[in-house]
Amino acid sequence: MKTLILGAGYAGLAVATKMKPTPGLEAVMLERNPYHTFETRLHEAAAHNTKVTLPLAPLLKGTGVNMENLTVEAVDLDKKEVTTKEGKTFTYDTLVVGLGSVTNFYRIPGLAENATELKELKDADEIFAFVNRAFDAAYTGSRDIAVGGAGLTGVELVTELAQRNELLSKERGLPPFTIYLVEAGPKILPVLDDALRGKAQATLDSYGIQTLIGHRITQATPDTVTVQTADGASRELRAGKIIWTGGIQARDIVKGEKLQKGPGNRIVVDATLRVPEYPEVFVVGDMGLGLNQDGKPVPTTAQHAGQQGRLTGKNLMRLALGEELKPYEPNTLGEFVSLGGLMAVGWMKLPWNQKLAMTGGLAHVMKRASEWRWRSSIS
């Protein structure tokens, strides 16, 4: 059974590292980078140049999975072909698609052209370089930063940037720049309850971050963003760096005449994470539209991507051995939001569907624990 695994994000890497050499199973991973990126820590790399990657080769030892560093350009489910940017074409018996998501700019004029994303290591490097440049005495232009989107990524990013801002201001004797956090919706961090959200907002306020709730970005230029309130009032913010974290959508890279897609361009999958019309194809992570026990879409989070990947790795071995596949049963263990340094807020799941809310250092430890669990699951 010739199997291709596309992508080494949280889902794809979980698939590969859960596998073991199995009779009749030949697996190849296609991934453009020779490393795995902890996307949930890119905000730390952007502010502090923190190391957030792991080399892939050691992680794949003993799995029976071979890797080729190639960029997937197109997937044709009807022809069972995967083509790469480098010109190589692969065929398969079984396919695992874990190519993740891309930023959704919602067709806001000028945003895609002028905003930095935070999806890859190069994005974090670009933000880190700007912050250092803004504290160069010879720098001209606006030093302020405008971040669009007050979800997990946006909030974690602005708090880390605020800490870096304060440190460089003291070191170099220049006033701190202003950080704007712009959110079109009525609240920050919709994944949290009101009490935890209030603590997070208090932390943002203590950093001096200008939080603009109910403000929709309507236009961007190289050094400005225009925001509009619900009553139609507009305001222009000057910013030397514009960062957009306000939405994602699945990569539009997989084609098939019978393929069904749902919201966010996600591919509809069944209980075993296979495409019903193409049962030889598994879709895991951000690209797949799986349903939880309540019939609602599974969130596009790292923890769920890892769960899907681990199950799929085991299911590939079961498939090769002629065994019955196991269904995916999503399990949300909790949600923690880093707020800079040793500060965090969030909750963890308890028995009988209870939740334990946490703040401060303990929440920070739990946030780190999720990374430790991830590292142990792929080692």
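Residues numbered from 1 in each chain as written. Predicted model: local features only at pLDDT ≥ 70, side-chain atom pairs only at ≥ 80, totals over all residues. Heavy atoms only, no water.

Chemist: Please clarify how the overall build of the protein chain should be interpreted in this entry.
Modeler: In terms of helices and strands, the protein chain carries 9 helices and 26 strands. For 379 residues, the compact-globule estimate of 2.2 N^0.38 gives 21 Å, and the C-alpha radius of gyration of the protein chain, at 22 Å, lies within 12% of that figure. Expressed along its principal axes, the backbone C-alpha trace of the protein chain runs to roughly 65 × 50 × 45 Å. Taking as baseline every contact in the protein chain between residues at least 6 positions apart, the subset at least 24 positions apart corresponds to 62%. Working note: accessible area of the protein chain is about 17200 Å², and carbon and sulfur atoms make up 51% of it. Counting 43 positive and 42 negative side-chain charges, the protein chain places the averaged centre of each group 4 Å from the other. (Helix = DSSP H or I, 4+ residues; strand = E, 2+ residues; numbered from the N terminus. Rg over C-alpha atoms; globule rule 2.2 N^0.38 Å. Contact = heavy atoms within 4.5 Å. Areas by Shrake-Rupley, 256 points an atom, 1.4 Å probe, with all protein chains shown as cover. Lys, Arg positive; Asp, Glu negative; His and termini not counted. Charge placed at Lys NZ, Arg CZ, Asp CG, Glu CD.)

Chemist: Help me understand helix H6 (residues 152-172), please; the structure alone is not making it clear to me.
Modeler: Spacing of three or four residues puts side chains on the same side of an α-helix, whose turn is 3.6 residues. Spanning 21 residues, H6 covers 30 Å between terminal C-alpha atoms, matching the ideal 30 Å at 1.5 Å per step. Trailing H6 by a residue or two, Gly-173 shows a phi angle of about 70°, which is positive. (Expected span 1.5 Å × (residues − 1).)

Chemist: Got a minute to help me understand the side chain of His-215 in this structure?
Modeler: Its location among the elements puts His-215 in strand S14 (residues 215-221). Residues in contact with His-215, not counting those within four places in the same chain, are Val-182, Glu-183, Ala-184, Val-227, Gln-228 and Thr-229.

Chemist: Mind showing me how you'd approach the sheet that holds strand S22 (residues 278-283) here?
Modeler: Hydrogen bonds between backbone atoms are what pair the strands of a sheet, whose relative direction is either parallel or antiparallel. A sheet is described by the order of its strands in space; here 6 strands give the open sequence S5-S2-S1-S9-S22-S21, paired in mixed fashion. At either margin of the open sheet sits one strand with a lone partner, and together these are strand S5 (65-68) and strand S21 (274-275). Note: S21 against S22, 2 bridges, orientation antiparallel. Paired with Val-275 across the two strands is Tyr-278, which belongs to S22. (Pairing = 2+ DSSP bridges.)

Chemist: Got a minute to help me understand the packing of helix H5 (residues 121-134) against H6 in this structure?
Modeler: Each packed pair of helices is defined by two parameters, the angle between the axes and the distance between the axes. Packing of H5 against H6 brings their axes to within 10 Å, and their N-to-C directions diverge by 30°. Comparing the axis directions of H5 and H6 gives the class roughly parallel. Note on packing geometry: the crossing formed by H5 with H6 is right-handed. Across from Ile-127, Phe-128, Val-131 and Asn-132 in H5, the residues of H6 making contact are Leu-161, Arg-164, Leu-168 and Arg-172. Considering only residue class, the contact of H5 with H6 consists of 5 nonpolar, 1 polar and 2 charged. (Axes fitted to C-alpha atoms, helices over the stretch in contact; angles between N-to-C directions. Parallel < 35°, antiparallel > 145°, perpendicular 65-115°, else oblique. Left-handed = near helix turned anticlockwise from the far one by under 90°. Nonpolar A, V, L, I, M, F, W, Y, C, P; charged D, E, K, R; others polar.)

Chemist: Sorry, what's going on with helix H7 (residues 194-206) here?
Modeler: The end-to-end C-alpha separation of H7 is 18 Å, in line with the 18 Å expected for 13 residues at 1.5 Å each. Here H7 has its buried residues at Leu-196, Arg-197, Ala-200, Thr-203 and Leu-204. One face of H7 carries all of its buried residues, which in axial projection span an arc of 120°. Away from its buried face, by an angle of more than 90 degrees, H7 presents the exposed residues Asp-194, Ala-195 and Ser-206. Here the buried face of H7 lies against H6, strand S12 (179-183), strand S13 (210-213), strand S25 (344-350) and strand S26 (354-359). Looking at where H7 begins, the residue whose side-chain oxygen comes 3.3 Å from the main-chain nitrogen of Ala-195 is Asp-193. Where H7 terminates, the next one or two residues include Gly-208, which has phi positive at roughly 80°. (Buried < 20%, exposed > 50% of the residue type's maximum accessible area, 1.4 Å probe, protein only. Arc of directions from axis to C-beta. Polar contact = N/O pair within 3.5 Å; in protein donor to acceptor, adjacent residues only side chain to side chain.)

Chemist: Looking at this structure, I do not really get the nonpolar core. What am I missing?
Modeler: Note that soluble globular proteins tend to have their nonpolar side chains buried in a common cluster. If you look at the biggest cluster of nonpolar residues, it comprises 92 residues, and the most contacted ones within it are Leu-6, Val-82 and Leu-95. In this structure, Val-82 is in contact with Leu-4, Leu-6, Leu-30, Val-72, Ala-74, Val-75, Lys-88, Thr-89, Phe-90, Tyr-92 and Leu-95, ignoring residues within four places of it in sequence. Judged by nonpolar contacts, the second largest core, of 16 residues, contains Ala-146, Val-225, Val-227 and Leu-237. (Core = buried A, V, L, I, M, F, W, Y, C linked by side-chain atoms within 4.5 Å.)

Chemist: What exactly am I supposed to notice about the environment of Lys-241 here?
Modeler: As for its position among the elements, Lys-241 is in strand S17 (residues 241-244). Taking C-alpha positions, Lys-241 is 38 Å from Pro-330, a pair spaced 89 residues apart along the chain. Residues contacting Lys-241, with those up to four places away along its chain left out, are Thr-116, Glu-126, Phe-130, Asp-144, Ile-145 and Ala-146. Of note is the side chain of Lys-241, whose polar atom sits 3.0 Å from the side chain of Thr-116.

Chemist: Help me understand the side chain of Thr-53 in this model?
Modeler: In this fold, Thr-53 is placed in strand S4 (residues 53-55). If near-sequence neighbours (up to four positions away) are discounted, Thr-53 is found in contact with Tyr-35, His-36, Thr-37, Phe-38 and Leu-121.

Chemist: Would you mind showing me how to read the sheet that holds strand S6 (residues 72-76) here?
Modeler: The 4 strands are arranged S8-S7-S6-S19 in an open sheet whose pairing can be described as mixed. Both edges of this open sheet fall to strand S8 (89-91) and strand S19 (254-255), since each of them pairs with a single strand only. Pairing analysis gives 3 bridges linking strand S7 (residues 81-84) to S8, with the strands arranged antiparallel. By the bridge assignment for S8, Val-82 is matched with Phe-90.

Chemist: Just to check I follow, could you spell out the environment of Gln-210 for this structure?
Modeler: Assignment of secondary structure puts Gln-210 in strand S13. For Gln-210, a relative accessible area of 40% corresponds to the partly exposed category. Expressed as a C-alpha distance, the spacing of Gln-210 and Gly-290, which sit 80 residues apart in the sequence, is 37 Å. If we skip the residues at most four places from it in the chain, Gln-210 touches Thr-178, Ile-179, Tyr-180 and Leu-181.

Chemist: Which parts of the structure should I look at to understand the packing of aromatic side chains?
Modeler: The description of an aromatic ring pair uses the distance of the two centres, along with the angle that the planes make with each other. Summed over the entire model, instances satisfying the criterion amount to 4 aromatic pairs. Their ring planes at 80° and their centres at 6.5 Å tell us that Tyr-106 and Trp-244 sit as a pair that is edge-to-face. Separated by 138 residues along the polypeptide, Tyr-106 in the loop between strand S10 (101-103) and helix H4 (111-114) and Trp-244 in strand S17 bring together distant segments of the chain. Assessed through its relative accessible area of 9%, Trp-244 is described here as buried. With centroids separated by 5.6 Å and ring planes inclined at 45°, the aromatic side chains of Phe-135 and Phe-177 adopt a geometry described as tilted. Of this pair, Phe-135 sits in the loop between H5 and strand S11 (145-148) while Phe-177 is found in the loop between H6 and S12, placing the two residues 42 residues apart along the sequence. Its end group placed over the ring of Phe-135, Arg-143 keeps NZ or CZ at 4.7 Å from the ring centre. Looking at Lys-355, its charged tip hangs above the ring of Trp-347, at a distance of 4.2 Å from the centre. (Phe/Tyr/Trp six-rings, centres within 6.5 Å; stacked < 30°, edge-to-face > 60°. Lys NZ or Arg CZ within 6 Å of the ring centre and 35° of its normal.)

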